[in-house]
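Here's the letter readout for the chains.
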Amino acid sequence: MVQDGGGGDYGEFAAARAGHLYRSACLLTAGDTHLAEDLVQETLGRVYTRWGRVSRADNPAGYAQTVLTRAFLAHRRRRSSTERSTAAFPDLPGTDADPSLRLTLLDALARLPAKDRAVIVLRYWEDRSVQETAKAMNVSSAAVRTRSVRALARLRELLGGELGEYARS
């Protein structure tokens, strides 16, 4: 394990946060598990290089989550135009009671623009405040509120009556 004189054990931190970062990355990437793994790896690498300072911060986990979000948004900006995403999801074992709901929600998330998806994941999956989301995305609080309203409206439009069917099950 890597020990830093600044206090704190990076190895323990990485082991404890990797699963949560991966789940968040999967949501940000709308189910692209390979890209999610790459983003988590990049995030943990960036946190490692700054571990001396990060370990002394009030919220190292929040810092890592912000790095993950910014890495995702940077990836979306620099993605080559020759890359094509796929609608097919790999078969993954799950504990979900209804895998079709998961796939429907991931498909709807995939149809949102990257920044809208990031707002939805940070606000409603990570349960962050408007201010925390704005800071993580490097935008204003007003932009977060506007994107939240638009993204939720778009999700309702995409899910239509399907969501009601799942809620009654």
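Only a predicted model underlies this, so the values are computations on that prediction, with no experimental measurement involved.

**Student:** Explain the nonpolar core here, please?
**Tutor:** Generally speaking, nonpolar side chains in soluble globular proteins are found buried as a group. Core analysis: the largest hydrophobic core is formed by 41 residues, its most contacted members being Val 47 and Phe 72. Listing elements by their share of this core, those giving two or more residues are helix H1 (10-28), helix H2 (33-49), helix H3 (51-54), helix H4 (60-78), helix H5 (99-110), helix H6 (114-125), helix H7 (130-137) and helix H8 (141-159). If near-sequence neighbours (up to four positions away) are discounted, Phe 72 is found in contact with Leu 28, Thr 29, Leu 39, Ala 114, Arg 117 and Ala 118.

**Student:** Got a minute to help me understand the packing of aromatic side chains in this structure?
**Tutor:** The geometry of two aromatic rings is summed up by the distance between their centres and the angle between their planes. In this structure the tally under the stated criterion is 3 aromatic pairs. Judged by centre distance (5.1 Å) and plane angle (65°), the ring pair of Tyr 10 and Tyr 48 falls under edge-to-face. Note that Tyr 10 is positioned in helix H1 and Tyr 48 in helix H2, a separation of 38 residues in sequence. Ring plane angle 40° and centroid distance 5.0 Å describe the contact between Phe 13 and Trp 51, whose orientation is recorded as tilted. You can see Phe 13 sitting in helix H1 and its partner Trp 51 sitting in helix H3, a full 38 residues away along the chain. Judged by relative accessible area, which is 6%, Trp 51 ranks as buried. Grouped by ring-pair contacts, the aromatic residues Tyr 10, Phe 13, Tyr 48 and Trp 51 constitute a single cluster. The ring of Tyr 124 carries Arg 123 above its face, with NZ or CZ at 5.4 Å from the centroid.

**Student:** I keep staring at H8 and nothing clicks. Help me out?
**Tutor:** Given a rise of 1.5 Å per residue, 19 residues ought to cover 27 Å, and the 27 Å separating the end C-alpha atoms of H8 matches this to within 8%. Every buried residue of H8 is listed here: Val 144, Ser 148, Ala 151, Leu 155, Leu 158 and Leu 159. Projected down its long axis, H8 carries its buried residues within an arc of 105°, all on one side. Exposed side chains of H8 directed beyond 90 degrees from the buried face belong to Val 149, Arg 150, Arg 156 and Glu 157.

**Student:** What is the right way to read the pattern of salt bridges from this model?
**Tutor:** A side chain of one charge can pair with a side chain of the opposite charge when the charged atoms of the two come close. Under the definition given, this model contains 4 salt bridges. Between Asp 116 and Arg 147 there is a salt bridge, with its nearest N and O atoms 2.6 Å apart. Taken together, the positions of Asp 116 in helix H6 and Arg 147 in helix H8 put the pair 31 residues apart, joining distant regions of the chain. A relative accessible area of 30% means that Arg 147 is categorised as partly exposed.

**Student:** Explain the packing of H6 against H8 to me, please; I cannot follow it from the model alone.
**Tutor:** When two helices pack together, their arrangement is given by the angle between the helix axes and by the axis-to-axis distance. Contact geometry of H6 with H8 gives a least axis separation of 9 Å together with a crossing angle of 100°. With respect to each other, H6 and H8 are oriented roughly perpendicular. Contacts between H6 and H8 involve Lys 115, Asp 116, Val 119, Ile 120, Arg 123 and Tyr 124 from the former and Val 144, Arg 147, Ser 148, Ala 151, Leu 152 and Leu 155 from the latter. Along the lines of polarity and charge, the residues of the contact of H6 with H8 split into 7 nonpolar, 1 polar and 4 charged.

Conventions and cut-offs
- Every chain begins its residue count from 1, and numbering advances along the sequence as written.
- Local features in a predicted model are, by the rule used here, given only for residues with pLDDT of at least 70; side-chain atom pairs are given and counted only at 80 or more, and totals for whole chains, interfaces and linings are based on all residues.
- Side-chain descriptors were evaluated using all non-hydrogen atoms of the structure, hydrogens and water having been removed beforehand.
- What makes a nonpolar core is a set of buried Ala, Val, Leu, Ile, Met, Phe, Trp, Tyr and Cys residues whose side-chain atoms join them at distances within 4.5 Å.
- For the exposure calls, accessible area comes from a 1.4 Å probe over protein chains only, and a residue counts as buried if that area is under 20% of its type's maximum, exposed if over 50%, partly exposed in between.
- Labels follow the DSSP assignment, with helices taken as runs of H or I lasting at least four residues and strands as runs of E lasting at least two, numbered in each case from the N terminus.
- Contacts between residues were defined by any pair of non-hydrogen atoms, one from each residue, lying within 4.5 Å.
- Any two rings among Phe, Tyr and Trp, with Trp reduced to its six-membered ring, count as a pair given centres within 6.5 Å; such a pair is stacked if its planes are under 30 degrees apart, edge-to-face if over 60, and tilted if neither.
- The criterion for a charge sitting over a ring is simple: Lys NZ or Arg CZ within 6 Å of the ring centre, and within 35 degrees of the ring normal.
- In this scheme, a helix's expected span is set at 1.5 Å multiplied by one less than its residue total.
- Along the arc lie the directions from the helix axis toward the C-beta atoms.
- Salt bridge, as used here: a side-chain nitrogen of Lys or Arg that lies within 4 Å of a carboxyl oxygen of Asp or Glu.
- Fitted lines through C-alpha atoms serve as axes, helices being fitted only where they are in contact, and the angles separating the N-to-C directions of these axes extend from 0 to 180 degrees.
- In what follows, roughly perpendicular refers to angles from 65 to 115 degrees, roughly parallel to angles under 35, roughly antiparallel to angles over 145, and oblique to any angle outside these ranges.
- Three residue categories are used. Nonpolar comprises Ala, Val, Leu, Ile, Met, Phe, Trp, Tyr, Cys and Pro, charged comprises Asp, Glu, Lys and Arg, and polar comprises the others, including Gly.

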